[in-house]
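# Observations on the model geometry
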Amino acid sequence: MTAYDVIVLAGGAAKRLGGADKPGLRVGGRALLDRVLSACADAAVTVVVGGRRATARPVVWTREVPEGGGPLAALGAGLRLTTAERVLVLSADLPFLGRGTVDALLTAAGEPCREGALCTDPDGRDQPLVAAYRAEPLRRELALIATEHGSLAGLPLRLLTAELDLARIDAGSDASFDCDTWDDIAAARARIREHGAVLDEWITSVKNELGIDLDVDTALLLDLARDAAHGVARPAAPLTTFLVGYAAARASAGAGPDEGAAAVAEAARKATDLALRWEAEAEASGGEAAGAGGSGSGTADGTAGGAGRDVGREGTGTP
């Protein structure tokens, strides 16, 4: 993928949230702004237009002039700090924006004769803050708008998008879901706990919290935990997965994320094989014991039966 820059608009008064710090509100334990930044982690330059705050990865900060001047003024301020041929433009309140949507926008924006691409919501409305633009026509139109109106402050985004030849991307309801009200925040927090999403959301949040840049094969580790719990004992499941992580960290010390993921897979494979061997031994021992008890010829520990064991005990003086 050709290099791109990203501008994240993180200002605004958040009036429908009572003036709350919207980019800092947490969904799934992560700030909305950090969730957006994770979807475009490979951008060459990331510019955030808004008040400075702690973020999960380094960014360049700037503010629109005047502060509170609206999205076009913020976009103009951010654009001055970018150099790539394509610029991804995002709002900071998109909890479910994914890498797939980012890739689709960048690809469509690179098509011949197109000047960019934006998402549409389920009702067909354009979402100019979930978009990718070619930098040259974006700069041209912003300059023309500023000349015509005297500045970019207070102007709506439709003045920009109406003049550009943009592809439309239907990325589904999640990509364009934004959090403008407390009901939106509540809905987003509920959605990540749904059965089909909660595990991936949790793993992503844990990796973010621990600063781990690693693709985790969740199914592989769940299979390992199941085999350890079934073949050994239930408490073996969490302890085994911890040991797999520790072994993988030692094996891939100083290596990159790909080597780390491979080390996890290899350690999990070894531990799974071991758990299956334990299970096989337990099953074999149980079968042998049942067979011995049924014949009356001996016990599972190789003795001749109950009478023989009593004789042995008497021979040693054991009462």
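Above this text sits the structure in question.
Scope of this entry: the structure provided in the associated data block. The shown structure was predicted, so the numbers you read here are calculated from the model rather than taken from an experiment. (Residues numbered from 1 in each chain as written. Predicted model: local features only at pLDDT ≥ 70, side-chain atom pairs only at ≥ 80, totals over all residues. Heavy atoms only, no water.)

What follows concerns helix α3 (residues 99-109). Residues of α3 that are buried: T101, V102, L105, L106, A108 and A109. The arc enclosing the buried residues of α3, seen along the axis, measures out at 165°, which places them on a common side. (Buried < 20%, exposed > 50% of the residue type's maximum accessible area, 1.4 Å probe, protein only. Helix = DSSP H or I, 4+ residues; strand = E, 2+ residues; numbered from the N terminus. Arc of directions from axis to C-beta.)

Bringing the sheet that holds strand β1 (residues 5-9) into the picture now. Ordered in space as β5-β4-β1-β6-β8-β7-β9, the seven strands form an open sheet in which the pairing is mixed. At either margin of the open sheet sits one strand with a lone partner, and together these are β5 (60-62) and β9 (166-170). Strand-to-strand twist in this sheet, taken as the mean axis angle between neighbours without regard to direction, amounts to 25°. When strand β6 (residues 86-91) meets strand β8 (residues 126-134), the two strands line up antiparallel, connected through five bridges. Its bridge partner lying in β8, R86 is registered against R134. (Pairing = 2+ DSSP bridges. Axes fitted to C-alpha atoms, helices over the stretch in contact; angles between N-to-C directions.)

Going through the model one piece at a time under the given rule, you end up with two aromatic pairs. Between F242 and Y246, the aromatic rings sit 6.5 Å apart at their centres with planes inclined by 25°, giving stacked as the arrangement. Linking F242 with Y246, this pair stays in helix α10 (residues 236-251), spanning four residues, or about one helical turn. Judged by its relative accessible area of 48%, Y246 falls in the partly exposed class. (Phe/Tyr/Trp six-rings, centres within 6.5 Å; stacked < 30°, edge-to-face > 60°.)

Under the criterion given, the structure shown has 20 salt bridges. For R53, the salt bridge is made with D21, and the minimal N-O distance between the two is 2.6 Å. Taken as a pair, R53 in the loop between β4 (45-49) and β5 and D21 in the loop between β1 and β2 (26-27) lie far apart in primary sequence, 32 residues in all. The exposure class of R53 is partly exposed, given its relative accessible area of 24%. (Salt bridge = Lys/Arg side-chain N within 4 Å of Asp/Glu carboxyl O.)

This part is about the packing of helix α9 (residues 218-231) against α10. Between α9 and α10, the least distance of the axes is 8 Å, while the angle of their chain directions is 135°. The orientation of α9 relative to α10 falls into the category oblique. Crossing handedness for the pair α9 and α10: right-handed. Only A236, A237, T240, T241 and V244 of α10 make contact with α9, whose side of the interface consists of L221, L224, A225, A228 and A229. (Parallel < 35°, antiparallel > 145°, perpendicular 65-115°, else oblique. Left-handed = near helix turned anticlockwise from the far one by under 90°. Contact = heavy atoms within 4.5 Å.)

Here we take up a nonpolar patch on the surface. A surface patch of nonpolar side chains, amounting to about 380 Å² of accessible area, comprises V198, L199, W202 and L222. Looking at the nonpolar patch, the element that brings in the most residues is helix α8 (residues 198-210), giving three residues. Here L222 lies in helix α9. (Patch = residues over 30% accessible without salt bridge, like charges linked within 9 Å, V, L, I, M, F, W, Y side chains within 5 Å. Areas by Shrake-Rupley, 256 points an atom, 1.4 Å probe, with all protein chains shown as cover.)

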